[in-house]
Amino acid sequence: MVLLFEVLERVCYGTIFQTYPAILKTQLFSNESQMHSKIDSTTDVSDIDFQDIEDQFTQLLHLDNLEQKINENPALKEDFEDTLEYALSDGLDESGCEPQALLFLQRILYRINRLKLFWYDDLENYSNEDSHYLFGIQNRIESAWQDWESNHIEVEPVDTIAEVRKALRDRVAEGLDPEPSAEGLYFRNEMTKTGYRRLLAIASLDGLVEASQLSRVLGGVGNEVQSMLTRIFSEEYGKGILARKHSTYFSTMLKQFNMDTRPEAYFDLAPWEVLANINHSFFLCERKRNFLRYIGSLLFFEVSVPAAFESYKLAGERLGLGPEATDYWELHIKEDLRHGRWMVDDVALPLVDRYPDLAWEIVWGYDQQQFISARASQAIARSIREA
Ligand SMILES: [Fe+2]
Ligand SMILES: [Fe+2]
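Keep in mind it's a predicted model, so treat the numbers as computed, not measured.

Details of the overall build of the chain
Phase 1: The secondary structure content of the chain amounts to 16 helices and 0 strands.
Phase 2: Counting over 387 residues, the chain shows a buried share of 38%.

Re unusual backbone geometry
Phase 1: Even without being a glycine, Y120 presents a positive backbone phi close to 50°.
Phase 2: Counting through the fold element by element, Y120 comes out in the loop between helix 5 (99-113) and helix 6 (132-150).
Phase 3: Positioned with a positive phi, N258 is a non-glycine residue whose angle comes to about 55°.
Phase 4: With respect to the secondary-structure elements, N258 resides in the loop between helix 12 (246-256) and helix 13 (272-285).

Remarks on the environment of S46
Phase 1: Assignment of secondary structure puts S46 in the loop between helix 1 (22-25) and helix 2 (50-61).
Phase 2: Residues S46 and Q100, spaced 54 residues apart in sequence, show a C-alpha to C-alpha distance of 9.1 Å.

Topic: the nonpolar core
Phase 1: A348 and I362 are the most contacted members of the largest nonpolar core, which has 88 residues in total.
Phase 2: For this core, the element with the highest residue contribution is helix 14 (residues 291-318), accounting for 12 residues.
Phase 3: Looking at which domains feed residues into this core, each of domain 1 (22-150) and domain 2 (161-386) supplies at least three.
Phase 4: Non-local contacts of I362, meaning those with residues more than four positions away in its chain, are made with L168, L292, I295, G296, A348, L351 and V352.

Observations regarding helix 16 (residues 360-386)
Phase 1: An ideal rise of 1.5 Å per residue puts 39 Å on 27 residues; helix 16 measures up with 40 Å between its terminal C-alpha atoms.
Phase 2: Helix 16 sits mainly inside the fold: 21 of its 27 residues count as buried.

A short note on the environment of E324
Phase 1: Position of E324 among the secondary structure elements: in the loop between helix 14 and helix 15 (327-354).
Phase 2: Note on E324: 12 C-beta atoms within 10 Å, which makes it exposed.
Phase 3: Sequence separation of E324 and S251 is 73 residues, and the distance between their C-alpha atoms is 9.9 Å.
Phase 4: With sequence-adjacent residues up to four places away left out, E324 is seen in contact with T252 and Q256.

Thoughts on the packing of helix 7 (residues 161-176) against helix 14
Phase 1: Where helix 7 meets helix 14, the axes come as close as 7 Å, and the angle between the chain directions of the two elements is 30°. Judged by the angle between their axes, helix 7 and helix 14 are roughly parallel. Mapping the contact onto sequence places V172, G175 and L176 in helix 7 and F300, V303 and S304 in helix 14.
Phase 2: Along the lines of polarity and charge, the residues of the contact of helix 7 with helix 14 split into 4 nonpolar, 2 polar and no charged.

Focus: the packing of helix 11 (residues 224-236) against helix 15
Phase 1: The contact between helix 11 and helix 15 brings their axes to 9 Å, and the two run at 165°. By the angle between their directions, the pair helix 11 and helix 15 is classed as roughly antiparallel. Considering only the axes of helix 11 and helix 15, their crossing is left-handed. Contacts between helix 11 and helix 15 involve E224, V225, M228, L229, I232 and E235 from the former and E335, H339, W342, D346, V347, P350 and L351 from the latter.
Phase 2: Its residues assigned to classes, the contact of helix 11 with helix 15 shows 8 nonpolar, 1 polar and 4 charged.

About the cut-offs
- Residues numbered from 1 in each chain as written.
- Chains lettered and ligands numbered in written order.
- Predicted model: local features only at pLDDT ≥ 70, side-chain atom pairs only at ≥ 80, totals over all residues.
- Helix = DSSP H or I, 4+ residues; strand = E, 2+ residues; numbered from the N terminus.
- Buried ≥ 20, exposed ≤ 12 C-beta atoms within 10 Å, placed from the backbone.
- Core = buried A, V, L, I, M, F, W, Y, C linked by C-beta atoms within 7 Å.
- Domains from an automatic or database assignment.
- Contact = placed C-beta atoms within 7 Å.
- Expected span 1.5 Å × (residues − 1).
- Axes fitted to C-alpha atoms, helices over the stretch in contact; angles between N-to-C directions.
- Parallel < 35°, antiparallel > 145°, perpendicular 65-115°, else oblique.
- Nonpolar A, V, L, I, M, F, W, Y, C, P; charged D, E, K, R; others polar.
- Left-handed = near helix turned anticlockwise from the far one by under 90°.

Honestly, that's just the spatial picture; any functional story needs more than this.
Below you can see the structure in the form of C-alpha coordinates.
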(Lines give C-alpha, C1' and ligand atoms only; values in the text may rest on other atoms or scores of the structure.)
(Ligands and ions follow the chains in the order given, each with its own letter.)
Protein backbone atom coordinates (compact mmCIF):
# COMPACT_ATOMS: atom_id res chain seq x y z
CA MET A 1 0.00 0.00 0.00
CA VAL A 2 1.07 3.56 -0.48
CA LEU A 3 0.39 6.40 1.82
CA LEU A 4 -2.28 8.57 0.35
CA PHE A 5 -2.95 12.00 1.76
CA GLU A 6 -5.60 13.92 0.02
CA VAL A 7 -6.43 17.24 1.57
CA LEU A 8 -10.06 17.98 0.90
CA GLU A 9 -11.03 21.60 0.46
CA ARG A 10 -13.82 21.62 2.94
CA VAL A 11 -13.27 24.54 5.21
CA CYS A 12 -15.88 26.40 7.19
CA TYR A 13 -15.56 30.05 8.07
CA GLY A 14 -15.59 31.00 11.30
CA THR A 15 -13.53 36.33 26.30
CA ILE A 16 -11.17 36.08 28.74
CA PHE A 17 -11.53 33.49 31.50
CA GLN A 18 -13.29 34.94 34.41
CA THR A 19 -12.41 34.11 37.94
CA TYR A 20 -15.63 33.53 39.80
CA PRO A 21 -15.41 34.65 43.38
CA ALA A 22 -16.90 32.32 45.95
CA ILE A 23 -19.85 34.57 46.63
CA LEU A 24 -20.92 34.39 43.01
CA LYS A 25 -20.99 30.62 43.11
CA THR A 26 -23.97 30.66 45.43
CA GLN A 27 -25.84 32.88 43.01
CA LEU A 28 -25.34 30.74 39.94
CA PHE A 29 -28.43 29.66 38.13
CA SER A 30 -30.65 31.44 40.59
CA ASN A 31 -32.02 33.49 37.74
CA GLU A 32 -34.88 31.66 36.03
CA SER A 33 -34.39 33.76 32.90
CA GLN A 34 -31.17 31.85 32.25
CA MET A 35 -33.19 28.78 31.41
CA HIS A 36 -33.87 28.36 27.70
CA SER A 37 -36.67 26.84 25.78
CA LYS A 38 -35.98 23.31 24.63
CA ILE A 39 -33.80 22.85 21.57
CA ASP A 40 -35.16 20.30 19.12
CA SER A 41 -34.93 19.37 15.45
CA THR A 42 -36.91 22.47 14.44
CA THR A 43 -34.49 24.86 16.17
CA ASP A 44 -32.61 27.22 13.89
CA VAL A 45 -29.02 28.12 14.72
CA SER A 46 -29.97 31.80 14.89
CA ASP A 47 -32.36 31.00 17.76
CA ILE A 48 -29.53 29.86 20.01
CA ASP A 49 -27.60 32.26 22.21
CA PHE A 50 -24.33 30.32 22.19
CA GLN A 51 -22.56 32.92 24.29
CA ASP A 52 -25.17 32.68 27.03
CA ILE A 53 -24.95 28.88 27.05
CA GLU A 54 -21.16 29.07 27.12
CA ASP A 55 -21.39 31.42 30.10
CA GLN A 56 -23.56 28.85 31.85
CA PHE A 57 -20.97 26.17 31.13
CA THR A 58 -18.19 28.40 32.48
CA GLN A 59 -20.21 28.79 35.66
CA LEU A 60 -20.50 25.00 35.89
CA LEU A 61 -16.73 24.76 35.50
CA HIS A 62 -16.27 26.87 38.60
CA LEU A 63 -18.99 25.30 40.70
CA ASP A 64 -17.98 23.86 44.07
CA ASN A 65 -18.68 20.09 44.09
CA LEU A 66 -19.76 20.11 40.46
CA GLU A 67 -20.50 16.36 40.39
CA GLN A 68 -22.68 16.44 43.46
CA LYS A 69 -24.56 19.57 42.40
CA ILE A 70 -25.46 18.30 38.94
CA ASN A 71 -26.45 14.92 40.40
CA GLU A 72 -28.81 16.64 42.81
CA ASN A 73 -30.08 19.07 40.23
CA PRO A 74 -29.67 17.81 36.63
CA ALA A 75 -31.50 20.92 35.38
CA LEU A 76 -28.25 22.82 35.93
CA LYS A 77 -26.77 21.21 32.83
CA GLU A 78 -29.89 20.79 30.70
CA ASP A 79 -29.54 23.90 28.52
CA PHE A 80 -25.88 23.26 28.00
CA GLU A 81 -26.42 19.59 27.16
CA ASP A 82 -29.19 20.44 24.67
CA THR A 83 -26.99 22.99 22.95
CA LEU A 84 -24.01 20.65 22.96
CA GLU A 85 -26.10 17.94 21.32
CA TYR A 86 -27.30 20.41 18.71
CA ALA A 87 -23.77 21.70 18.03
CA LEU A 88 -22.37 18.18 17.72
CA SER A 89 -24.93 17.23 15.10
CA ASP A 90 -25.22 20.54 13.21
CA GLY A 91 -21.69 21.86 13.71
CA LEU A 92 -20.14 18.66 12.47
CA ASP A 93 -22.75 17.81 9.87
CA GLU A 94 -21.33 15.95 6.88
CA SER A 95 -23.33 18.03 4.41
CA GLY A 96 -22.02 21.33 5.70
CA CYS A 97 -20.76 22.76 8.92
CA GLU A 98 -22.24 25.52 10.99
CA PRO A 99 -19.49 28.00 12.01
CA GLN A 100 -21.27 29.24 15.15
CA ALA A 101 -21.71 25.70 16.39
CA LEU A 102 -18.09 24.87 15.56
CA LEU A 103 -16.93 27.93 17.48
CA PHE A 104 -19.08 26.91 20.45
CA LEU A 105 -17.63 23.38 20.48
CA GLN A 106 -14.04 24.57 20.19
CA ARG A 107 -14.46 27.18 22.90
CA ILE A 108 -16.00 24.64 25.29
CA LEU A 109 -13.22 22.16 24.54
CA TYR A 110 -10.56 24.83 25.01
CA ARG A 111 -12.03 25.79 28.38
CA ILE A 112 -11.67 22.18 29.53
CA ASN A 113 -8.23 21.66 27.97
CA ARG A 114 -6.70 24.77 29.47
CA LEU A 115 -7.14 23.19 32.91
CA LYS A 116 -4.20 20.94 31.94
CA LEU A 117 -1.89 23.95 32.20
CA PHE A 118 -1.21 26.04 35.27
CA TRP A 119 -1.91 29.74 34.95
CA TYR A 120 -0.82 30.93 38.39
CA ASP A 121 -4.35 32.08 39.04
CA ASP A 122 -6.84 31.25 41.78
CA LEU A 123 -6.32 27.60 42.74
CA GLU A 124 -10.08 27.26 43.13
CA ASN A 125 -10.27 27.53 39.31
CA TYR A 126 -8.92 23.96 39.19
CA SER A 127 -11.38 22.40 41.64
CA ASN A 128 -13.10 20.47 38.87
CA GLU A 129 -9.95 19.47 36.99
CA ASP A 130 -10.67 15.77 37.63
CA SER A 131 -14.44 15.95 37.14
CA HIS A 132 -15.98 12.88 35.48
CA TYR A 133 -18.62 15.12 34.02
CA LEU A 134 -16.09 17.40 32.30
CA PHE A 135 -14.13 14.38 31.14
CA GLY A 136 -17.31 13.04 29.53
CA ILE A 137 -18.00 16.36 27.78
CA GLN A 138 -14.42 16.50 26.53
CA ASN A 139 -14.66 12.95 25.18
CA ARG A 140 -17.94 13.61 23.42
CA ILE A 141 -16.62 16.70 21.66
CA GLU A 142 -13.22 15.24 20.85
CA SER A 143 -14.46 11.97 19.44
CA ALA A 144 -17.08 13.60 17.20
CA TRP A 145 -14.74 16.39 16.12
CA GLN A 146 -11.77 14.10 15.46
CA ASP A 147 -13.99 11.82 13.36
CA TRP A 148 -15.06 14.91 11.43
CA GLU A 149 -11.43 16.05 11.02
CA SER A 150 -10.49 12.66 9.65
CA ASN A 151 -12.77 13.39 6.67
CA HIS A 152 -10.40 16.15 5.62
CA ILE A 153 -7.37 13.98 5.12
CA GLU A 154 -7.33 10.49 3.73
CA VAL A 155 -4.76 8.29 5.34
CA GLU A 156 -3.52 4.86 4.52
CA PRO A 157 -0.68 3.20 6.34
CA VAL A 158 2.65 3.12 4.56
CA ASP A 159 4.02 -0.34 4.02
CA THR A 160 7.74 -0.07 4.54
CA ILE A 161 10.09 1.87 6.75
CA ALA A 162 11.88 3.10 3.63
CA GLU A 163 8.63 4.67 2.41
CA VAL A 164 8.04 6.39 5.76
CA ARG A 165 11.57 7.73 5.79
CA LYS A 166 11.16 9.05 2.26
CA ALA A 167 7.74 10.55 3.08
CA LEU A 168 9.22 12.40 6.04
CA ARG A 169 12.30 13.62 4.21
CA ASP A 170 10.17 14.84 1.27
CA ARG A 171 7.85 16.74 3.60
CA VAL A 172 10.71 18.32 5.54
CA ALA A 173 12.42 19.45 2.33
CA GLU A 174 9.18 21.00 1.12
CA GLY A 175 8.37 22.50 4.53
CA LEU A 176 11.71 24.27 4.72
CA ASP A 177 11.33 25.80 1.28
CA PRO A 178 7.61 25.95 0.50
CA GLU A 179 5.77 27.69 -2.31
CA PRO A 180 4.48 30.91 -0.74
CA SER A 181 0.82 30.59 0.23
CA ALA A 182 -1.79 33.22 -0.65
CA GLU A 183 -2.06 34.09 3.05
CA GLY A 184 1.72 34.34 3.39
CA LEU A 185 1.89 36.79 0.50
CA TYR A 186 -1.00 38.76 1.96
CA PHE A 187 0.69 39.03 5.37
CA ARG A 188 3.97 40.00 3.75
CA ASN A 189 2.74 42.53 1.20
CA GLU A 190 -0.63 43.89 2.27
CA MET A 191 -1.24 43.58 6.01
CA THR A 192 -1.60 46.98 7.67
CA LYS A 193 -0.49 48.02 11.15
CA THR A 194 -4.04 47.41 12.38
CA GLY A 195 -3.87 43.98 10.78
CA TYR A 196 -0.52 43.32 12.48
CA ARG A 197 -2.12 44.11 15.84
CA ARG A 198 -4.95 41.69 15.04
CA LEU A 199 -2.37 39.04 14.14
CA LEU A 200 -0.63 39.50 17.49
CA ALA A 201 -3.95 39.46 19.36
CA ILE A 202 -5.06 36.14 17.87
CA ALA A 203 -1.61 34.54 17.96
CA SER A 204 -1.14 35.56 21.62
CA LEU A 205 -3.54 32.84 22.75
CA ASP A 206 -0.85 30.28 21.91
CA GLY A 207 2.21 32.56 21.70
CA LEU A 208 2.11 33.50 25.38
CA VAL A 209 2.12 29.86 26.49
CA GLU A 210 3.94 28.40 23.51
CA ALA A 211 5.50 24.94 23.72
CA SER A 212 3.38 24.12 26.79
CA GLN A 213 2.03 20.97 25.15
CA LEU A 214 5.56 19.69 24.66
CA SER A 215 5.96 19.63 28.44
CA ARG A 216 3.17 17.02 28.58
CA VAL A 217 5.16 14.36 26.70
CA LEU A 218 8.54 14.73 28.40
CA GLY A 219 8.10 12.54 31.47
CA GLY A 220 8.90 8.86 31.55
CA VAL A 221 11.88 6.72 30.79
CA GLY A 222 15.01 8.35 29.38
CA ASN A 223 16.53 7.77 25.96
CA GLU A 224 18.05 9.76 23.08
CA VAL A 225 14.64 10.82 21.75
CA GLN A 226 13.43 12.01 25.12
CA SER A 227 16.68 13.87 25.69
CA MET A 228 16.38 15.70 22.38
CA LEU A 229 12.76 16.65 23.06
CA THR A 230 13.86 17.98 26.45
CA ARG A 231 16.62 19.98 24.78
CA ILE A 232 14.14 21.57 22.38
CA PHE A 233 11.77 22.26 25.25
CA SER A 234 14.60 23.85 27.20
CA GLU A 235 15.34 26.24 24.32
CA GLU A 236 11.64 27.11 23.97
CA TYR A 237 11.69 27.94 27.67
CA GLY A 238 14.84 30.09 27.42
CA LYS A 239 16.95 27.49 29.24
CA GLY A 240 15.27 28.50 32.45
CA ILE A 241 15.79 32.26 32.04
CA LEU A 242 12.48 34.09 31.77
CA ALA A 243 13.87 36.93 29.64
CA ARG A 244 14.91 34.37 27.01
CA LYS A 245 11.73 32.32 27.07
CA HIS A 246 10.08 32.48 23.68
CA SER A 247 6.77 33.60 25.17
CA THR A 248 8.60 36.57 26.72
CA TYR A 249 9.54 37.72 23.21
CA PHE A 250 5.86 37.50 22.32
CA SER A 251 4.95 39.58 25.33
CA THR A 252 7.54 42.17 24.29
CA MET A 253 5.89 42.41 20.85
CA LEU A 254 2.52 43.06 22.45
CA LYS A 255 4.00 45.77 24.69
CA GLN A 256 5.28 47.64 21.62
CA PHE A 257 1.64 48.19 20.67
CA ASN A 258 0.42 48.84 24.23
CA MET A 259 -1.56 45.62 23.95
CA ASP A 260 -2.73 43.42 26.81
CA THR A 261 -0.04 40.86 27.67
CA ARG A 262 -2.27 38.65 29.81
CA PRO A 263 -2.72 35.20 28.25
CA GLU A 264 -6.26 34.79 26.87
CA ALA A 265 -6.89 38.55 26.89
CA TYR A 266 -7.93 38.26 23.24
CA PHE A 267 -9.71 34.93 23.51
CA ASP A 268 -12.86 36.34 21.93
CA LEU A 269 -10.99 37.19 18.73
CA ALA A 270 -9.85 33.61 18.14
CA PRO A 271 -11.66 31.98 15.20
CA TRP A 272 -12.75 28.37 15.66
CA GLU A 273 -9.98 27.26 13.30
CA VAL A 274 -7.32 28.68 15.65
CA LEU A 275 -8.95 27.10 18.69
CA ALA A 276 -9.15 23.80 16.81
CA ASN A 277 -5.41 24.06 16.19
CA ILE A 278 -4.72 24.48 19.91
CA ASN A 279 -7.23 21.80 20.91
CA HIS A 280 -5.70 19.41 18.41
CA SER A 281 -2.32 19.80 20.14
CA PHE A 282 -3.97 19.00 23.47
CA PHE A 283 -5.71 15.99 21.92
CA LEU A 284 -2.39 14.60 20.70
CA CYS A 285 -0.11 15.38 23.63
CA GLU A 286 -2.47 14.20 26.36
CA ARG A 287 -2.64 10.62 25.06
CA LYS A 288 0.39 8.36 24.85
CA ARG A 289 -1.29 6.39 22.05
CA ASN A 290 -1.11 9.56 19.95
CA PHE A 291 2.58 10.10 20.66
CA LEU A 292 3.76 9.41 17.11
CA ARG A 293 1.10 11.71 15.66
CA TYR A 294 2.15 14.38 18.18
CA ILE A 295 5.76 14.00 17.00
CA GLY A 296 4.60 14.42 13.39
CA SER A 297 2.68 17.52 14.40
CA LEU A 298 5.63 19.02 16.28
CA LEU A 299 7.92 18.19 13.37
CA PHE A 300 5.60 20.16 11.10
CA PHE A 301 5.62 23.17 13.44
CA GLU A 302 9.38 23.30 13.80
CA VAL A 303 9.99 22.78 10.09
CA SER A 304 7.33 25.16 8.79
CA VAL A 305 7.77 28.06 11.21
CA PRO A 306 10.87 29.68 9.62
CA ALA A 307 9.10 30.21 6.28
CA ALA A 308 5.78 31.21 7.87
CA PHE A 309 7.35 33.68 10.30
CA GLU A 310 9.50 35.17 7.55
CA SER A 311 6.30 36.65 6.11
CA TYR A 312 5.39 38.22 9.46
CA LYS A 313 8.91 39.59 9.91
CA LEU A 314 8.94 41.11 6.42
CA ALA A 315 5.51 42.64 7.11
CA GLY A 316 6.90 44.24 10.28
CA GLU A 317 9.89 45.65 8.39
CA ARG A 318 7.65 46.98 5.61
CA LEU A 319 5.52 48.70 8.27
CA GLY A 320 8.64 50.29 9.78
CA LEU A 321 8.33 48.48 13.11
CA GLY A 322 11.32 48.28 15.44
CA PRO A 323 13.17 45.08 16.32
CA GLU A 324 11.22 44.55 19.55
CA ALA A 325 8.04 44.27 17.49
CA THR A 326 9.54 41.59 15.26
CA ASP A 327 12.23 39.83 17.34
CA TYR A 328 9.89 36.95 18.18
CA TRP A 329 9.67 36.04 14.49
CA GLU A 330 13.41 36.55 13.97
CA LEU A 331 14.25 34.29 16.91
CA HIS A 332 12.10 31.47 15.54
CA ILE A 333 13.43 31.79 12.02
CA LYS A 334 16.88 31.03 13.46
CA GLU A 335 16.06 28.56 16.23
CA ASP A 336 13.42 26.52 14.44
CA LEU A 337 15.76 25.78 11.56
CA ARG A 338 17.83 23.99 14.18
CA HIS A 339 14.80 22.50 15.96
CA GLY A 340 13.46 21.18 12.66
CA ARG A 341 16.75 19.45 11.94
CA TRP A 342 16.86 17.95 15.44
CA MET A 343 13.25 16.84 15.15
CA VAL A 344 13.78 14.94 11.94
CA ASP A 345 17.24 13.46 12.60
CA ASP A 346 17.12 12.83 16.34
CA VAL A 347 13.43 12.33 17.06
CA ALA A 348 11.28 11.34 14.06
CA LEU A 349 13.68 9.01 12.25
CA PRO A 350 14.82 7.15 15.41
CA LEU A 351 11.12 6.65 16.25
CA VAL A 352 10.57 5.15 12.78
CA ASP A 353 13.08 2.47 13.76
CA ARG A 354 11.59 2.06 17.23
CA TYR A 355 7.99 1.68 15.95
CA PRO A 356 8.29 0.31 12.39
CA ASP A 357 4.67 -0.87 12.18
CA LEU A 358 3.21 2.40 13.39
CA ALA A 359 5.78 4.82 11.98
CA TRP A 360 3.35 5.98 9.31
CA GLU A 361 1.44 7.73 12.12
CA ILE A 362 4.25 10.32 12.26
CA VAL A 363 3.49 11.20 8.64
CA TRP A 364 -0.23 11.23 9.46
CA GLY A 365 0.43 13.67 12.31
CA TYR A 366 2.53 15.86 10.04
CA ASP A 367 -0.04 16.03 7.26
CA GLN A 368 -2.97 16.59 9.57
CA GLN A 369 -1.11 19.40 11.33
CA GLN A 370 -0.27 20.94 7.97
CA PHE A 371 -3.95 20.96 7.04
CA ILE A 372 -5.15 22.30 10.40
CA SER A 373 -2.45 25.00 10.47
CA ALA A 374 -3.24 26.12 6.91
CA ARG A 375 -6.92 26.36 7.80
CA ALA A 376 -6.08 28.43 10.90
CA SER A 377 -3.82 30.68 8.86
CA GLN A 378 -6.63 31.31 6.35
CA ALA A 379 -8.98 32.19 9.21
CA ILE A 380 -6.43 34.62 10.68
CA ALA A 381 -6.02 36.29 7.28
CA ARG A 382 -9.81 36.70 7.04
CA SER A 383 -9.92 38.22 10.51
CA ILE A 384 -7.06 40.60 9.65
CA ARG A 385 -8.86 41.74 6.50
CA GLU A 386 -11.93 42.47 8.59
CA ALA A 387 -9.83 44.42 11.09
FE1 LIG B 1 9.25 28.78 20.18
FE1 LIG C 1 11.03 25.64 18.18
